[in-house]
Amino acid sequence: MPMEDEKRCAVVTGANKGIGYEICRQLAIQGVQVILTALNESQGMEAVKKLNLPNVISHQLDIKDPSSVARLANFIETHFRKLDILINNAAEGGVIILDDKQFRDGGGFLQVVDEKAHLIGNIIKQPYELGEECLKTNYYGTKAITEALLPLLRLSKSPRVVNITSIQGDLYWFHNEKLKEELKDIENLTEERLDEIVQWFLRDLKVGMLKENGWPLTTSAYKVSKAALNAYTRLMARKFPNIMVNCVHPGYVVTDMTFQTGFLTAEEGSKGPVMVALLPHGGPSGVYFDETQQIVPFSSTGLKAE
Ligand SMILES: NC(=O)c1ccc[n+]([C@@H]2O[C@H](COP(=O)([O-])OP(=O)(O)OC[C@H]3O[C@@H](n4cnc5c(N)ncnc54)[C@H](OP(=O)(O)O)[C@@H]3O)[C@@H](O)[C@H]2O)c1
């Protein structure tokens, strides 16, 4: 494998399918050397074969597994010496759909709002175990891979981290005003406190205290994971002024995560993440993008402009 010095090198997590796969394709056709990572090694290799582009290779990566994370970091260090772009795309939904037909007929995730929580219990369920895995992947796993690759990112001339978030991470979905203020107050929030908030949520999810403490009532773990990811994005941007760290909501995209519902194809949904990954040097950091649109500043909901 050639040692690449000048070519930009990108890692995309969870890229064997869906938005991650498409991000790899779009980055590769723009000349970026892409490391397509996948939980399942053979699915990653299949995806690379299907892409059939010279500058995409695959590597196994489970962001929840510290040894897998370390193996990827070693691989990049050995073969590329540095990393320019990290796209944190891997995620889990944390729910099961009980009635596929009702879910689709009712408008997919558009009907999954807290006002209807009591009506949709027979359509969508969020068992504690799935919620816990969702936080472990979307928040803790994303942090783990980011921290492991930071030393390599810092060797790039223009490093970028793109965190794929969701409109569901908007603090609009939270009902605890004090907590919302805390999550918005990026000057005083710390990573330790963010971890405590996530642990507090998991305890409440386990004992059925979501309503009492003002957490989102539907797709709760997913919403909390993405809100925590948004806050982490802003903390990182503050801590590492030489790295562009941003988050992007790709839109409502037809993938396995949405049980094949949505408005956009994976190709369309990948445009925002790819655009943010390839922004000119010195561009914005700590910013939220809704598809390709930059939302500045973070609003009173902590996410969207009003
Ligand atoms: N689709 C939407 O409408 C939508 C909207 C807003 C945000 N998003 C975000 O967009 C991103 C991509 O989602 P998608 O819709 O493309 O979903 P998807 O098709 O279900 O893809 C998710 C990917 O994450 C991988 N993954 C899960 N756990 C992992 C782990 N521990 N380590 C490494 N990879 C792991 C999955 O691997 P396996 O295939 O092996 O399970 C899969 O490749 C996610 O961050 C999602 O939250 C999607």
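Placed above this text is the structure.
Please read all numbers here as calculations on a predicted model, not as lab measurements.

Enquirer: Sorry if this is basic, but what is going on with the environment of Glu268 here?
Expert: As for its placement among the helices and strands, Glu268 is situated in helix H9 (residues 266–269). Owing to a relative accessible area of 37%, Glu268 belongs among the partly exposed residues under this scheme. Along the backbone, Glu268 and Leu51 are 217 residues apart, and their C-alpha atoms lie at a distance of 17 Å.

Enquirer: Any chance you could explain the side chain of Asn88 here in plain terms?
Expert: Counting through the fold element by element, Asn88 comes out in strand S4 (residues 85–88). Separated by 3.0 Å, the side chains of Asn88 and Thr146 make a polar contact. For Asn88, the side chain forms a polar contact with the side chain of Asn163, separated by 2.8 Å. Excluding anything up to four places from it in sequence, Asn88 contacts Thr13, Thr142, Ile145, Thr146, Val161, Val162, Asn163 and Ile164.

Enquirer: How should the site of the ligand be read in this particular structure?
Expert: Lining the immediate surroundings of the ligand are 29 residues, of which Asn16, Asn89, Tyr222, Val253 and Thr255 lie closest. Take Asn16: an N or O atom from its side chain is 2.6 Å from an oxygen atom of the ligand. Between the ligand and the protein, one listed contact pairs an oxygen atom with a side-chain N or O atom of Tyr222 at 2.5 Å. If the ligand stood free it would expose 900 Å²; the protein chains cover 91% of that surface. Of all elements in the fold, only helix H1 (18–29) and helix H8 (220–239) reach the threshold of two or more residues within the shell around the ligand. Looking at the shell around the ligand, its residues break down into 12 nonpolar, 11 polar and six charged.

Enquirer: What's the story with the pairing of strand S8 (residues 244–249) in this structure? I'm lost.
Expert: In summary, the side chains of a regular strand alternate between the two faces of the sheet. Burial analysis of S8 places six of its six residues in the buried class, which makes it a mostly covered element. Of the two faces of S8, the one carrying Met244, Asn246 and Val248 and the one carrying Val245, Cys247 and His249 are both buried. Pairing of strand S7 (residues 160–164) with S8, which is carried by five bridges, proceeds in the parallel orientation. Within the sheet, the bridge partner assigned to Val162 lies in S8 and is Asn246. Note: S8 against strand S9 (residues 288–290), three bridges, orientation parallel.

Enquirer: It is not clear to me how the packing of aromatic side chains should be interpreted in this structure. Could you clarify?
Expert: To describe a pair of aromatic rings, you give the distance between the ring centres and the angle between the ring planes. Applying the stated criterion to the full structure yields 10 aromatic pairs. Here Tyr139 and Tyr140 contribute two aromatic rings whose centre-to-centre distance is 4.9 Å and whose plane-to-plane angle is 65°, an arrangement assigned as edge-to-face. We classify Tyr139 as buried; its relative accessible area is 1%. Judged by centre distance (5.0 Å) and plane angle (80°), the ring pair of Tyr172 and Trp173 falls under edge-to-face. A connected cluster of aromatic rings, assembled from ring pairs, spans Phe174, Trp200, Phe201 and Trp215. Across from the ring centre of Tyr21, 4.8 Å away, lies the NZ or CZ of Lys50, which sits over that ring.

Parameters and conventions
Residues numbered from 1 in each chain as written. Predicted model: local features only at pLDDT ≥ 70, side-chain atom pairs only at ≥ 80, totals over all residues. Heavy atoms only, no water. Helix = DSSP H or I, 4+ residues; strand = E, 2+ residues; numbered from the N terminus. Buried < 20%, exposed > 50% of the residue type's maximum accessible area, 1.4 Å probe, protein only. Polar contact = N/O pair within 3.5 Å; in protein donor to acceptor, adjacent residues only side chain to side chain. Contact = heavy atoms within 4.5 Å. Near = heavy atom within 4 Å. Areas by Shrake-Rupley, 256 points an atom, 1.4 Å probe, with all protein chains shown as cover. Nonpolar A, V, L, I, M, F, W, Y, C, P; charged D, E, K, R; others polar. Pairing = 2+ DSSP bridges. Phe/Tyr/Trp six-rings, centres within 6.5 Å; stacked < 30°, edge-to-face > 60°. Lys NZ or Arg CZ within 6 Å of the ring centre and 35° of its normal.

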